[in-house]
Every structure is written in structure tokens, then in C-alpha cells.
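# Remarks on the overall topology
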Amino acid sequence: MDVAQLQFLAQQLRKPDGDAGRQIGEQMNAGNYLMNKNTLEHLQAPTGARILEIGMGNGHFVKDILATDPTIRYTGCDYAETMVAEAQARNAAFQQSGQADFMLASASELPFDNDTFDRIFAVNTIYFWEDPAKELAEIRRVLKPDGKLLIAARPSWVMEQMPFTDYGFTRYSKEQLADVLHNNSFSVIELEETREPEYTVNGIVTQMGHMIAIAIKNQ
Ligand SMILES: C[S@@+](CC[C@H](N)C(=O)[O-])C[C@H]1O[C@@H](n2cnc3c(N)ncnc32)[C@H](O)[C@@H]1O
């Protein structure tokens, strides 16, 4: 891939748009399957929980959350119009039943009241936060006092194998992920790294892996 192609791919991953964005959404569902599955297993949401996902993409995994417990109320927000439309179309039945809703919103300005959610999670999204202090302050505001935040990301040693992440991604090592949470008034209660099988991304064989941080807000 030449530089222009790498930049285009990076831009689409950052904010999927139009037909190319829909295709990228499909590719992400496959490539990020293990990571999303593992994150959902760590949610452990209580009965009747309100869950917020930031950057849900096309909402492919929402059905897996709601299958575990029909009392859960899920809200997805993403700042890409194409992804919000896709997620709504894929989850129309859950929207009708009131179990899920989707909003066009940025992590830096969340349209929710204080102390609303029991769980907030974001998978493969922190790389794009312009000013993590701002996004984490918003998350802190809308997370209930006893709520949990889960951030899942590919560690920097994985991202460094993917040349498109040179364009507009902030890479985090495990330590840097812990630091950014600590520096923004969260306590990390769990931080694990998982190796995944190799995966071919745009012709490049990549040793995959992901990390999941679980944090609570400092009172
Ligand atoms: C790389 S995709 C990941 C999608 C899905 N979570 C996954 O793991 O496959 C990143 C998604 O986060 C959204 N996103 C990135 N930055 C965001 C922000 N600051 N606020 C809201 N959504 C954001 C993008 O529009 C995109 O849908």
C-alpha cells in the first residue's frame, strides 16, 4: 500500500464513512472478533444495568450483550453518521423493544446526565481520542459511582506492525494505558494482555493481541 492508501485506511478506521466505511465496518467485525468477545465477557453487568459503548462501529456485537440478559439497556454512541445508521439498521428489533438505542455523539461531549451508566466500554477507540483528559472526564461524569469502565485496545507492539497506525493513531503500551487512566482519576483494578493468533491485515501478517483495562472512578 502506498502512503495515500494507508492514510485513507487510517481515516476510515478513525471515522468510517459511506460505502468504504461500511466495508471497513464488516472487516472490523471479523478482525476484532476475539477482542470484542473477550471484552463482553469482562463486562459482568448486573441485572438491569445501563451500559454505554463508545465507538460501537456498526453495532455487530450488541446482540451478544443483550443475549446474556434481556434486562440490560444498551446505548451505543459513535461520532460517525455511517456507523450510527448501520448500527440502528442491524439492531432495529432491539431498538423497538427499548433494549438498545444509538446516538451520534463524540466521546468528548456525551449527551447524558451525570451518574447514568453502570458500565462504559470502548473497544479500539481510545487511539483516536484527541485529548484523553477530556474524553475520560466525560466518561467519569456519566459513570455511576460504583460503575466500571472497560477500555480495550491493541497494545503498541501490535500496532507497530500495522503501518496505517502511523497516521492519526495514538498508540498505548500496557503501562501507558494504565497511566492515562490513573492520571485522569481512575483506579485500574484489572489490566490483562492476551495474545491472539496471527491475522493478515491488508496483506500484512500481524501477530495480534489485545489488552483490556478495567477501572473504577476515584471518589
Ligand atoms: C476502529 S473502529 C472500532 C469499532 C469497534 N468498536 C471494533 O472494535 O471493531 C473505531 C470506532 O470508534 C468511533 N470513534 C472514534 N473516535 C470517536 C470519538 N471520539 N467519539 C465517538 N466515536 C468515536 C469511530 O467512528 C469508529 O466507529
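This text goes with the structure placed above it.
Reference entry: report on the structure contained in this document. (Residues numbered from 1 in each chain as written. Predicted model: local features only at pLDDT ≥ 70, side-chain atom pairs only at ≥ 80, totals over all residues. Heavy atoms only, no water.)

## Things to note about the environment of V205
Its location among the elements puts V205 in strand β7 (residues 204-217). In this structure, the C-alpha to C-alpha distance between V205 and H42, residues 163 residues apart in sequence, is 28 Å. In contact with V205, other than residues within four places in its own chain, are Q161, E198, Y199 and T200. (Helix = DSSP H or I, 4+ residues; strand = E, 2+ residues; numbered from the N terminus. Contact = heavy atoms within 4.5 Å.)

## Things to note about helix α3 (residues 33-43)
Of all the positions in α3, only M35, N36, N38, T39, L40, H42 and L43 are classed as buried. Buried positions along α3 lie against β1 (50-54), α4 (62-68), β4 (117-123), β5 (143-153), β6 (186-201) and β7. Positive backbone phi, approximately 45°, marks Q44, located one or two places after α3. (Buried < 20%, exposed > 50% of the residue type's maximum accessible area, 1.4 Å probe, protein only.)

## A look at the site of the ligand
Among the 21 residues in the neighbourhood of the ligand, the closest are listed as N32, G55, D78, A107 and V123. Note that an oxygen atom of the ligand is positioned 2.9 Å from one of the side-chain N or O atoms of N32. Side-chain polar atom of D78 to an oxygen atom of the ligand: 2.6 Å apart, as the coordinates give it. Protein chains shield 97% of the accessible area of the ligand, which is 600 Å² for the free molecule. Looking at the shell around the ligand residue by residue, the class counts come to 11 nonpolar, seven polar and three charged. (Near = heavy atom within 4 Å. Polar contact = N/O pair within 3.5 Å; in protein donor to acceptor, adjacent residues only side chain to side chain. Areas by Shrake-Rupley, 256 points an atom, 1.4 Å probe, with all protein chains shown as cover. Nonpolar A, V, L, I, M, F, W, Y, C, P; charged D, E, K, R; others polar.)

## Re helix α1 (residues 3-14)
The end-to-end C-alpha distance of α1, which contains 12 residues, comes to 16 Å, matching closely the 16 Å that a straight helix rising 1.5 Å per residue would cover. Contacts from the buried residues of α1 go to α2 (18-31). (Expected span 1.5 Å × (residues − 1).)

## Some remarks on the side chain of R119
Tracing the chain through its elements places R119 in strand β4. For R119, which is buried and forms no salt bridge, the nearest opposite charge comes from D118, at a distance of 5.7 Å. Excluding anything up to four places from it in sequence, R119 contacts L43, Q44, A45, P46, R50, I51, L52, L143, G147, K148 and L150. (Lys, Arg positive; Asp, Glu negative; His and termini not counted. Salt bridge = Lys/Arg side-chain N within 4 Å of Asp/Glu carboxyl O.)

## A short note on the pairing of β7
Of all 14 residues making up β7, 11 are buried, and the element is well covered by its neighbours. Bridging between β5 and β7 involves five bridges; their strand directions are antiparallel. Bridge pairing in β7 links A153 to M211. Strand direction decides the pairing type here: β6 and β7, joined by 13 bridges, are antiparallel. Note that in β7 the partner of E193 across the bridge is M211. (Pairing = 2+ DSSP bridges.)

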